[in-house]
Each structure stands twice: as structure tokens, then as C-alpha cells.
Amino acid sequence: MTIIENNLFKIAIRAQGGELASFYNKTTNVEHMWQADATIWPWHAPNLFPIVGGLINNQLFVDGHTYELPRHGFTRTSELLLISSNEQSAWFSLPYSEKTLAKYPYKFDFQIHYDLIDDALRVTYKVINLDKKPIYFSVGGHPAFNVPFNKGEDYEDYYLEFEADDKLITHQLSADGFFNGETAPVPIKVKKLFLTRDLFNKDALVFKNLHSRMVTIKSTQHDQTLTVEFPHFNYLGLWAKPGADFVCIEPWLGCADTEGAHVDMSKKEAIQKLNVGHVFEAAFFISM
């Protein structure tokens, strides 16, 4: 585990997936990251690259060739290299290899930079094109936060407060995790989406046209909060395993396949294109 900290937070990151494993608030003595109970959901905050969501039949099409690539890509199960670290910053890298080329035919260096800035943790994704052609990818976060924050509280005391007064329309997913072309309104009361045990019975809520770029977890019982700010990400997923004591706030640049629309990677919805010699960066922030 790599540890970074300041006077407010102590952060732990594991090499597998470069995954944030602990976000500990020293002031309140609260652990905010879901602790990956393998009987419920065995992750903390997986990093999603080079795809977000699932591919039909786990197949990626690139220039007439087919590759086998699992849901959310291979980063979350890969061992990342620690490039550098100091007391308040850590930088991880997943460079291309023969193993990645067999699943995703592009030469890249995918990097994740964690740094503490005052009262926030900044998580920066960096993609470097090392190929002789443009590369295509999706990238996103999947952090799971403990709800409730404290023992003895109820999950349904909590709600998500959106930055803007959005009308929430979710793009619905099939039983296999692909968009089915249908949408549905999500009940929201003056920017507040209340958490209930059945809110995610039909899988994640996926929003593609939000004005909000900030979502805050709040309680009706106290003033402790946790905010995720995602200025560079156009899509947002919200999810929890039904009945589990967490909620995921997931900033995405990319998304799952749509049923009946299995296309070349360059034509995937919300795909990112990175030209030869170029570098991509996008960040989100977790704060109190």
C-alpha cells in the first residue's frame, strides 16, 4: 500500500489497479471508502480503462479485428508501477505490454496521479499515445463510499445533492448491462436524490446530459458531507449493490455498448480519440 496524507486526510492506494483503498478523515475519524467486502462487492474504487462498462460478448472491434476485453477493461486487475511518491502525492503507471496488446491493440502509457490539495484529493487520469496512429479509449472512476458514515445511522437518512437543479433522466441498462434505448425519470426533490434500498434494483443510474459537475453525499441527521467534483467528465453513473452500505459516484468519459449496436471502437459512444504524440488528462476531486 502507498500512503499519502496531510493534516485532514490519510489516503491509501494499492498497486493492483492503482486503486484508492482508503480515504480516512482524521478530523471525524471516519473511513469513507467501501472496504471491499468480497461477499458483497470486492472493490474499493476501480479505475476504468481502456473501456467503461461492458462490450457485447466481451468483444472489442478495432480495424476489422476482434479482441476479448472484460467489462471495464483490464486496469482494475493489473499491477501498476509506482513512478514516484512523496508525503502528499503518488503517481502510478500502466504501460502497454504484449499482454495488453493482445486485448487492446494500441501502444499507450496510462497513468493515475493522486495528490492532496488542501481539503481535497485530486485524481488525475493521464493517457500518453506511444503509437504511430491515433488511439481510442474510454476512462472513468468507480469510487464506492461508505453510507452511512457512522455506526447506528440509517442508509435512508442520506441523499445525493446535485450542484444544479437537473431533471434526472437515466439511460436504462439491460440485464446484461447494455443500454436498451429506454430512458426513465428519476425522482429528485430540489437537487436532492434520496438514497433508498431499492434505488439501484435495475442496475446503475446513468446520466448523459447533466448540468451538474458536483455531487455531494449528505445526511438529514448531521452536517458531515463528502463531495465528488468532476469538471472534465460528461457522463455520470450512480450505483450500489442493492442492500449494501455504500454508493458509487462514477465520473465517466465513455460508456457501455448499446444493444444491437456493436461497432468499431472508433465509433463507440463517447469514445475519446488521442492523436499521435498527444497526451490526455482529466481529473476529478473528492473533498469534505
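For the structure, see preceding data.
For the structure given in this document, a descriptive report is provided here.

Rules and cut-offs
Along each chain, residue indices are assigned from 1 in the same order as the chain's sequence is written. Selection of residues for local features in this predicted model requires a pLDDT of at least 70, selection of side-chain atom pairs for listing and counting requires 80 or more, and totals for whole chains, interfaces and linings are taken over all residues. Hydrogens and water molecules were not included; the side-chain quantities draw on all heavy atoms of the structure. Under the scheme used here, helices are H or I runs from DSSP no shorter than 4 residues and strands are E runs no shorter than 2 residues, and both carry numbers assigned from the N terminus. Any N or O atom pair separated by 3.5 Å or less is treated as a polar contact, with the protein-specific requirement of one donor-capable and one acceptor-capable atom, and with residues adjacent in sequence counted only for side-chain atom pairs. For this analysis, residues touch if any pair of their heavy atoms sits within 4.5 Å. Aromatic rings from Phe, Tyr and Trp, with only the six-membered ring used for Trp, were paired whenever their centres fell within 6.5 Å, and each pair was classed as stacked if the ring planes differed by under 30 degrees, edge-to-face if by over 60, and tilted otherwise. For every residue, the accessible area (1.4 Å probe, protein chains only) is compared with the maximum for its type, and the residue is labelled buried under 20%, exposed over 50%, or partly exposed between those bounds. Only buried residues count toward a nonpolar core. Its members are Ala, Val, Leu, Ile, Met, Phe, Trp, Tyr and Cys residues joined through side-chain atoms within 4.5 Å.

## Points about the side chain of Asn-6
Right, so step 1: In this structure, Asn-6 sits in the loop between strand 1 (2-5) and strand 2 (9-14).
Right, so step 2: A polar contact is formed between the side chain of Asn-6 and the backbone nitrogen of Leu-8, at a distance of 2.9 Å.
Right, so step 3: A polar contact is formed between the side chain of Asn-6 and the backbone nitrogen of Phe-9, at a distance of 2.8 Å.
Right, so step 4: In this view, Asn-6 contacts Lys-26, Gln-88, Leu-116 and Asp-118; residues no more than four positions away in its chain are not counted.

## Describing the packing of aromatic side chains
Right, so step 1: Under the defined criterion, the tally for this structure stands at 22 aromatic pairs.
Right, so step 2: Centre to centre, the rings of Phe-74 and Phe-108 are 6.3 Å apart; their planes meet at 20°, and the pair counts as stacked. Residue Phe-74 is found in the loop between strand 7 (65-68) and strand 8 (81-86), and its partner Phe-108 is found in strand 10 (residues 108-117); the two are separated by 34 residues along the sequence.
Right, so step 3: A residue is classified by how much of its surface remains accessible, and Phe-74, at 3% relative accessible area, is buried.
Right, so step 4: Geometrically, the ring pair formed by Tyr-104 and Phe-108 is edge-to-face, given 5.7 Å between the ring centres and 65° between the ring planes. An identical accessibility class is assigned to Tyr-104 and Phe-108; each is buried.
Right, so step 5: Put simply, the rings of Phe-49, Phe-74, Tyr-104, Tyr-106, Phe-108, Phe-110, Tyr-125, Phe-137, Phe-233, Phe-280 and Phe-284 touch in pairs and so form one group of aromatic residues.

## Observations concerning the environment of His-211
Right, so step 1: Position of His-211 among the secondary structure elements: in the loop between strand 19 (205-207) and strand 20 (214-219).
Right, so step 2: Along the sequence, His-211 and Asn-57 sit 154 residues apart, while their C-alpha atoms lie 33 Å from each other.

## A look at the nonpolar core
Right, so step 1: Counting 89 residues, the largest nonpolar core has Leu-160, Phe-162, Ile-217 and Leu-238 as its most contacted members.
Right, so step 2: If near-sequence neighbours (up to four positions away) are discounted, Leu-160 is found in contact with Lys-191, Lys-192, Leu-193, Leu-195, Val-215, Thr-216, Ile-217, Leu-238, Val-247 and Ile-249.

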